[in-house]
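# Commentary on secondary and tertiary structure
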Amino acid sequence: HSIHFDIFTLFPSMFCGPLSESILKRAQEKGLLSVALHDIRAYTTDRHHICDDTPYGGGGGMIMKPEPIFRAVETVLTRPPGWQLPPEDAFVNLPPWDPEAPAPLPADVPIILLTPQGRRLNQAIVTELSHFSRLALICGRYEGVDERVRTQLVSDEISIGDYVLSGGELAAMVLVDAITRLVPGVLGYAEGAQQDSYSPGLGGLLEGPQYTRPYTFRGEQVPDILLSGHHGHVARWRREQALLRTLQRRPDLLQMVNLSEEDRAFLRR
Ligand code: ADE
């Protein structure tokens, strides 16, 4: 299984740094992740390459025009994954496209608009999306996108939280990162093992405290149980610390977790 993302944005260079480091870099090198960045502006044909316009009905702000977005998404998604508009063809030599005729888009490629109005992202949604082999992400900018993008092009809308970003780009990166680390083979064994019942991915409990050397730092010692060598005792202690931390910080998460009778007894203390 591998994943291909087609990302539609007015600011493709915002993605270059994040995609060139660490896990996402290694996932691409291993052939488990590929990302094609598509500059929406390259799909304009007017001399000033305009992608936004004033809202009907008046009011402030600018709205992203539908044609460049439809043209970009329909051109790319009717071609194989990995296809990109040759840079020299931008603006001047675009493939033919009929603004009035909807292109036959693949049914198995979600077309996701990043917007604060979308479904609020959580680990269950990340897992659901990680099962697709190709996803299209549209990054909104300005005060919003023309509603026809929602009604006729987009199949899903995702928000990464109840706050407003200046555009969907950072949200798209969050989605790429969270989805990619679920693709088998992307994480090494040590990282992957944490993907179990009590992962920090909020699939379960929050993780408890963790320590590495030195044993004493600024007068604070590592809990001796971690040095005891009793794997059973260590596992039980970690479970209890995770339960405590979750109870203290995110009691709402406890409802979603399968608690053993031993867990319940511990929490009642
Ligand atoms: N664009 C602006 N704010 C956003 C958010 N919170 N989530 C996703 N996309 C956004």
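Conventions adopted
Residues numbered from 1 in each chain as written. Predicted model: local features only at pLDDT ≥ 70, side-chain atom pairs only at ≥ 80, totals over all residues. Helix = DSSP H or I, 4+ residues; strand = E, 2+ residues; numbered from the N terminus. Rg over C-alpha atoms; globule rule 2.2 N^0.38 Å. Contact = placed C-beta atoms within 7 Å. Buried ≥ 20, exposed ≤ 12 C-beta atoms within 10 Å, placed from the backbone. Domains from an automatic or database assignment. Pairing = 2+ DSSP bridges. Axes fitted to C-alpha atoms, helices over the stretch in contact; angles between N-to-C directions. Core = buried A, V, L, I, M, F, W, Y, C linked by C-beta atoms within 7 Å. Expected span 1.5 Å × (residues − 1). Parallel < 35°, antiparallel > 145°, perpendicular 65-115°, else oblique. Left-handed = near helix turned anticlockwise from the far one by under 90°. Near = placed C-beta within 6 Å. Nonpolar A, V, L, I, M, F, W, Y, C, P; charged D, E, K, R; others polar. pLDDT = per-residue confidence, 0-100.

## Here we look at the overall build of the protein
Tallying secondary structure elements over the protein gives 10 helices and 9 strands in all. For the protein, the C-alpha radius of gyration of 23 Å lies well beyond 18 Å, the compact-globule estimate for 269 residues. Each principal axis of the C-alpha distribution contributes one length, and for the protein these read about 70 × 45 × 40 Å. Residue pairs at least 24 apart in sequence account for 78% of intrachain contacts in the protein once pairs closer than 6 positions are excluded.

## Considerations on the environment of Arg-264
Along the chain, Arg-264 falls in helix 10 (residues 261-268). The class for Arg-264 is exposed, based on 10 C-beta atoms found within 10 Å. For the pair Arg-264 and Leu-243, spaced 21 residues apart in sequence, the C-alpha separation works out to 9.5 Å.

## Some remarks on the domain arrangement of the protein
For the protein, the assigned domains are domain 1 (3-180) and domain 2 (196-268). Each of domain 1 and domain 2 has a C-alpha centre, and the two are 39 Å apart.

## Thoughts on unusual backbone geometry
The step from Arg-213 to Pro-214 runs through a cis peptide bond, and the omega angle for that step is 5°. With respect to the element layout, Pro-214 can be found in the loop between helix 7 (189-193) and strand 8 (216-217). Of note, the phi angle at Phe-91 is positive, near 70°, even though the residue is not glycine. Tracing the sequence through the fold places Phe-91 in the loop between helix 3 (66-77) and strand 5 (111-120). Residue class for Phe-91 comes out partly exposed when judged on the 15 C-beta atoms lying within 10 Å of it. Here the phi dihedral of Arg-218 falls at roughly 50°; this positive angle occurs in a residue that is not glycine.

## Details of the sheet that holds strand 5
Strand order in this open sheet of 5 strands is 2-1-6-5-7, and the pairing throughout is parallel. At either margin of the open sheet sits one strand with a lone partner, and together these are strand 2 (33-39) and strand 7 (156-159). Averaged over all pairs of adjacent strands, the angle between strand axes in this sheet comes to 35°, irrespective of strand direction. Where strand 1 (residues 3-9) meets strand 6 (residues 134-139), 5 bridges bridge the pair, whose relative direction is parallel. Residue pairing for strand 6: Phe-8 is matched across the bridge by Ile-138.

## With respect to the nonpolar core
Among the nonpolar cores identified, the biggest contains 47 residues, and Phe-8, Ile-69, Val-73, Leu-137 and Ile-138 are the most heavily contacted of them. For this core, the secondary structure elements donating two or more residues are strand 1, helix 2 (22-29), strand 2, strand 4 (63-64), helix 3, strand 5, strand 6 and helix 6 (169-180). Discounting residues that sit within four places of it in the chain, Leu-137 has contacts with Phe-5, Ile-7, Phe-8, Ile-112, Leu-114, Ala-172 and Leu-175.

## Re helix 6
With 12 residues, helix 6 extends 16 Å from end C-alpha to end C-alpha; this agrees with the ideal 16 Å at 1.5 Å per step. Taken residue by residue, helix 6 has Glu-169, Ala-171, Ala-172, Met-173, Leu-175, Val-176, Ile-179 and Thr-180 as its buried positions.

## Here we look at the packing of helix 8 (residues 231-249) against helix 10
Between helix 8 and helix 10, whose axes approach to 10 Å, the crossing angle comes to 55°. Relative to helix 10, helix 8 is oriented oblique. Both helix 8 and helix 10 take part in a crossing whose hand is right-handed. Contacts between helix 8 and helix 10 involve Glu-240, Leu-243 and Leu-247 on the former and, on the latter, Asp-263, Phe-266 and Leu-267.

## A few points about the environment of Leu-170
Turning to its location among the elements, Leu-170 is positioned in helix 6. According to the C-beta neighbour criterion, Leu-170 is partly exposed, with 16 such atoms within 10 Å. Distance from Leu-170 to Leu-205, taken between C-alpha atoms, is 26 Å for residues 35 residues apart in sequence.

## Some points on the site of the ligand
Inspection of the region around the ligand gives Leu-114, Thr-115, Pro-116, Gly-140, Ser-159, Ile-160, Gly-161, Tyr-163, Val-164, Leu-165, Gly-168 and Ala-171 as its neighbouring residues. Of the residues that constitute the shell around the ligand, the class distribution is 7 nonpolar, 5 polar and no charged.

## What to know about the confidence of the model for the protein
Overall, the prediction assigns the protein a mean pLDDT of 95, with 95% of residues at 70 or greater. Considering each helix and strand of the protein separately, the mean pLDDT is smallest for helix 7, with a value of 66, and largest for strand 6, with 99. Scored by ipTM, the complex comes to 0.99, with pTM at 0.95.

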